[in-house]
Amino acid sequence: MTTPHYAMVIDLNTCVGCNACMAACSMENQTPVWDNKWRTYVHDMEIGAGTENEVKRRFFPRLCNHCDNPPCMSVCPTGATYKLDNGIVLVNDEMCMGCRACAMACPYDARYDVTYDDLDKGTEFYGELHFRTSPSVDKCSFCAHRVMKGLKPACVETCVGSARLFGDMNDPKDEVAKIVASGVAKPLMAHLGTRPNVYYISDLERNV
Amino acid sequence: MEGMFYSTQELWTWWIAIYLFLGGLGGALVVVSGLTNMYVKEHKELVLWANISSLIMLSVGSFMLFLHLLHHIAVINVLNPMVLINKPDAWISWGTQFIVWMMVWSFVYTYPYLVDSKFWRGIPIIGGLIGLFGWVGNLSLRFHKLIGWLAVINGIGTVLYTGLLLQSFPAVALWHNPGVPLLFIVSAFSTAMAFLLIALYVFIKNPEDHGLKVLFERSDVILIGIELLIIFVFFQFTTYGLESARYTAKILWNDMGWIIGFVGFGLLIPFIIEFRGVTKGWKGSAPIVLAAILVLSGGYLLRHYFMYAGVYERPYPAINSTHHLQMDGSVQTQ
Ligand code: SF4
Ligand code: SF4
């Protein structure tokens, strides 16, 4: 059996902007939401110009792209940012010294600080903290702890519009692999050489 | 997807600019003083001035960086020399090791001069401590050139690292290009020449150093000239380059602090003063000292503006920044 290579497809046509993914992620991963720090975030944007009918609302979910060439990992001096064989990029908070080089290097703005204060507030807010013991510069983990148990990431599981699909790029029968192979879903800013593993189906073709 | 968003960052700001400035200056001081002492003219006072100042600068710079870490204890992971085997792709790993070893070797190299120095030996407690470890000086003298070269090599690494660190961030056009390390190297050596000129003219004041002063002035004029050319190249690169670079151009070339402060007072004016000094000479030392002070201020401003003017391009607005750039070059603060 080949090692899986995980990826996500996000369909901008079906995201309704309910933010359930943000809520599910923050409960699952105990993120410091009180400081507006999210592992995944859904932007509410306007696209188009002119009359009311020509302007559309676009909901744009974002998260760490689990890049195959992650600049956040290559700049990380402590080795706290590392990559699993299945493509998931993780952060070891005990090794991380919080220099923020990863946040500077990440083209996708996927990193956020977890401070001592956040740890204290987190304990008040969520009770026992399952994923972190020390400050770090954190990010989405593709819910690796769930994926290893055969579950989907919390955001995918909860998405009411089925806008998020999670799958294995090494399995040609996987829906995600098929969508990516079809060319309909594209990664963000691929020209930077990061080889992201989050692909977006654009809503533009349908709306223009 | 269409419609990109442009923003600067607020993660690494003035304190990183100070760190980069002091790192570049401190590294170049060790290189210039070491090579001068070994191959141009033996000069204990110059080495003392350069290497002790470098030690203080690197300590201050590194301490500022340390203060801004989120998880201080984990710094041990980069202080361990094994980091070069575990994380050779990260420039902070190399930089930390270069800085630490440069401080160690330059201090050991300078030690025999400390032992001989009336000034340092006269300071209560410190003078006594210097005498107590006199054997370090004797050992250092036995391998002085080797130790000098170890300090110089780590000094070169420190200077190189400051630019390569910025270059390793791929999302920002201003930083991710080979011009940045070159610019930072030239600027670091120029500021080091300026610092040594101040030391020679204001503090050491030895008439026998005339030749050395001329050498440093000439070198500085050439370095400032090259820096001006590199800045012109950056002007072209940002003004007619990638979209994020164009936003950078709008930030820099609309800012009087950059145009008048850095390019004018930090480069052009000292260039003119020092050029006049090299070609026709000045009666007193004041113009050269003034030019050197301006060069040092310019060295900081360069790094300050580089940190603030780096622009990210993304398909959505940044969460890490409250500064969002508009098409007309204005900045919208959230
Ligand atoms: S999106 Fe950013 S944080 Fe995630 S792997 Fe890529 S560079 Fe690293
Ligand atoms: S903040 Fe932590 S994870 Fe990020 S580069 Fe520094 S040590 Fe690595």
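One structure accompanies this document, and this report is about it. If you're wondering where the values come from, they're calculated on a predicted model, not measured in any experiment.

Tallying secondary structure elements over chain A gives eight helices and ten strands in all. The C-alpha atoms of chain A give 17 Å as radius of gyration, which agrees with the globular expectation for 208 residues (17 Å, within 12%). Along the first, second and third principal axes, the C-alpha set of chain A runs to 50 × 45 × 30 Å. Considering only contacts in chain A between residues 6 or more positions apart, those separated by 24 or more positions represent 63%. As displayed, chain A has an accessible area near 9,200 Å², and 52% of this comes from carbon and sulfur atoms. Separation between the mean location of the 21 positive side-chain charges and that of the 26 negative ones in chain A comes to 4 Å.

Here the focus is the site of ligand 2. Around ligand 2, a shell composed of 14 residues is seen, among which C76, T81, C96, C99 and C102 of chain A lie nearest. Classifying every residue of the shell around ligand 2 by side-chain character gives nine nonpolar, three polar and two charged.

Moving on: the packing of helix α11 (residues 210–239) of chain B against helix α13 (residues 256–279) of chain B. Residues and elements named next belong to chain B. Here α11 crosses α13 at 145°, and the two axes come no closer than 9 Å. The chirality of how α11 crosses α13 is left-handed. Seen from α11, the contacting residues are E217, R218, D220, V221, I224, G225, E227, L228 and I231; seen from α13, they are W258, F262, V263, L267, L268, P270, F271, E274, F275, G277 and V278. A breakdown of the residues in the contact of α11 with α13 according to their chemical character gives 13 nonpolar, two polar and five charged.

Now for the nonpolar core. By size, the foremost hydrophobic cluster in this structure holds 109 residues, and its most contacted members are W12, F169, W175, F216, W258, F306 and M307 of chain B. Considering each element in turn, this core owes the most residues, 17 residues, to helix α10 (residues 179–204) of chain B. Ignoring anything within four residues of it in the chain, the contact list for W12 of chain B reads C99, R100, A101 and M104 of chain A together with I92, L165, F169 and M307 of chain B.

Right, let's get into the packing of aromatic side chains. In this description, a pair of aromatic rings is defined by centroid distance and the angle of the planes. All names here are of chain B. Across all of its chains, the model carries 33 aromatic pairs over all chains by this definition. With a centroid separation of 5.8 Å and 85° between ring planes, the pair formed by W253 and W258 is classed as edge-to-face. Through a chain of ring-to-ring contacts, three or more aromatic side chains come together here, namely F184, F234, F235, F237, W253, W258, F262, Y305 and F306. Lying across the ring of W282, R276 places its NZ or CZ 4.4 Å from the centre.

Bringing the site of ligand 1 into the picture now. Near ligand 1 lie 14 residues; those nearest to it are C64, N65, C67, C72 and C106 of chain A. The class makeup of the residues in the shell around ligand 1 is ten nonpolar, two polar and two charged.

Turning our attention to the pattern of salt bridges. All names here are of chain A. Applying the stated rule across the entire model yields 15 salt bridges over all chains. In this structure, D117 and K121 form a salt bridge, with 3.2 Å as the shortest nitrogen-oxygen distance. Taken together, the positions of D117 and K121, both in helix α4 (residues 116–126) and four residues apart, correspond to about one turn of that helix. Taking the relative accessible area as the measure of exposure, K121 reaches 34% and is therefore partly exposed. A single network of salt bridges, built from pairs that share partners, joins E28, R146 and E157.

All names here are of chain B. Contact pair helix α1 (residues 14–40) / helix α9 (residues 144–167): the axes reach a minimum separation of 8 Å and the direction vectors enclose 150°. In terms of orientation, α1 lies roughly antiparallel with respect to α9. Classified by chirality, the crossing of α9 by α1 is left-handed. Here Y19, L20, G23, G24, G27, A28, V30, V31, G34, L35, M38 and Y39 of α1 lie close against α9, whose contacting residues are K145, G148, W149, A151, V152, G155, I156, T158, V159, Y161, T162 and L165. Residues of the contact of α1 with α9, tallied by class, amount to 15 nonpolar, eight polar and one charged.

Right, let's get into the interface of chain A and chain B. Where the parts come together, the accessible area they lose is often given as the size of the interface. Facing the 50 residues of chain A at the interface are 37 residues of chain B. Taking both partners together, chain A and chain B bury about 3,500 Å²; carbon and sulfur atoms supply 66% of that area. Together, M97, M104 and D109 of chain A form the three largest contributors to the area buried by chain A at its contact with chain B, with a combined 22%. Put simply, chain A and chain B have zero salt bridges between them. Here chain A and chain B share 15 residue pairs in polar contact (both at pLDDT 80 or more) between them. Among the secondary structure elements, those contributing two or more residues to the side of chain A that touches chain B are β2 (41–47), β3 (56–62), α2 (71–75), α3 (101–105), β6 (112–114) and β7 (136–138) of chain A. Considered class by class, the residues forming the side of chain A that touches chain B number 30 nonpolar, eleven polar and nine charged.

So, about helix α7 (residues 175–182) of chain A. Residues and elements named next belong to chain A. Buried within α7 we find V176, A177, I179 and V180. Summarising the axial view, the buried residues of α7 lie within an arc of 165°, below the 170-degree limit, and thus occupy one face. α7 presents E175 and A181 as exposed residues on the side facing more than 90 degrees away from its buried surface. Against β1 (6–11), β8 (164–168), β9 (185–187) and β10 (198–201) lie the buried residues of α7. By the N-cap criterion, in which a side-chain oxygen at the helix start approaches the backbone nitrogen of a residue two or three places on, α7 is capped by D174, the distance to V176 being 2.8 Å. Positioned one or two residues after α7, G183 has a phi angle of 90°, which is positive.

Quick look at unusual backbone geometry now. Residue and element names in this part refer to chain A. Phi angles above zero are rare outside glycine, and H66 is one such case at about 45°. By secondary structure assignment, the location of H66 is in the loop between β3 and α2. Residues other than glycine seldom take positive phi values, yet D109 does so here, at roughly 55°. Among the secondary structure elements, D109 is positioned in the loop between α3 and β6.

All names here are of chain A. Within the secondary structure, A23 is located in helix α1 (residues 20–29). Given a relative accessible area of 42%, A23 falls into the partly exposed group. Spatially, the C-alpha atom of A23 lies 9.3 Å from that of T40, the residues being 17 residues apart in sequence.

Here we come to the environment of A90 of chain B. Positionally, A90 of chain B belongs in the loop between α4 (83–86) and α5 (91–116). Residues A90 of chain B and L212 of chain B, spaced 122 residues apart in sequence, show a C-alpha to C-alpha distance of 38 Å. Those residues in contact with A90 of chain B that lie beyond four places of it in its chain are S74, V75, C76 and P77 of chain A.

Cut-off values and rules
Residues numbered from 1 in each chain as written. Chains lettered and ligands numbered in written order. Predicted model: local features only at pLDDT ≥ 70, side-chain atom pairs only at ≥ 80, totals over all residues. Heavy atoms only, no water. Helix = DSSP H or I, 4+ residues; strand = E, 2+ residues; numbered from the N terminus. Rg over C-alpha atoms; globule rule 2.2 N^0.38 Å. Contact = heavy atoms within 4.5 Å. Areas by Shrake-Rupley, 256 points an atom, 1.4 Å probe, with all protein chains shown as cover. Lys, Arg positive; Asp, Glu negative; His and termini not counted. Charge placed at Lys NZ, Arg CZ, Asp CG, Glu CD. Near = heavy atom within 4 Å. Nonpolar A, V, L, I, M, F, W, Y, C, P; charged D, E, K, R; others polar. Axes fitted to C-alpha atoms, helices over the stretch in contact; angles between N-to-C directions. Left-handed = near helix turned anticlockwise from the far one by under 90°. Core = buried A, V, L, I, M, F, W, Y, C linked by side-chain atoms within 4.5 Å. Buried < 20%, exposed > 50% of the residue type's maximum accessible area, 1.4 Å probe, protein only. Phe/Tyr/Trp six-rings, centres within 6.5 Å; stacked < 30°, edge-to-face > 60°. Lys NZ or Arg CZ within 6 Å of the ring centre and 35° of its normal. Salt bridge = Lys/Arg side-chain N within 4 Å of Asp/Glu carboxyl O. Parallel < 35°, antiparallel > 145°, perpendicular 65-115°, else oblique. Buried area = accessible area lost by both parts, 1.4 Å probe. Polar contact = N/O pair within 3.5 Å; in protein donor to acceptor, adjacent residues only side chain to side chain. Arc of directions from axis to C-beta.

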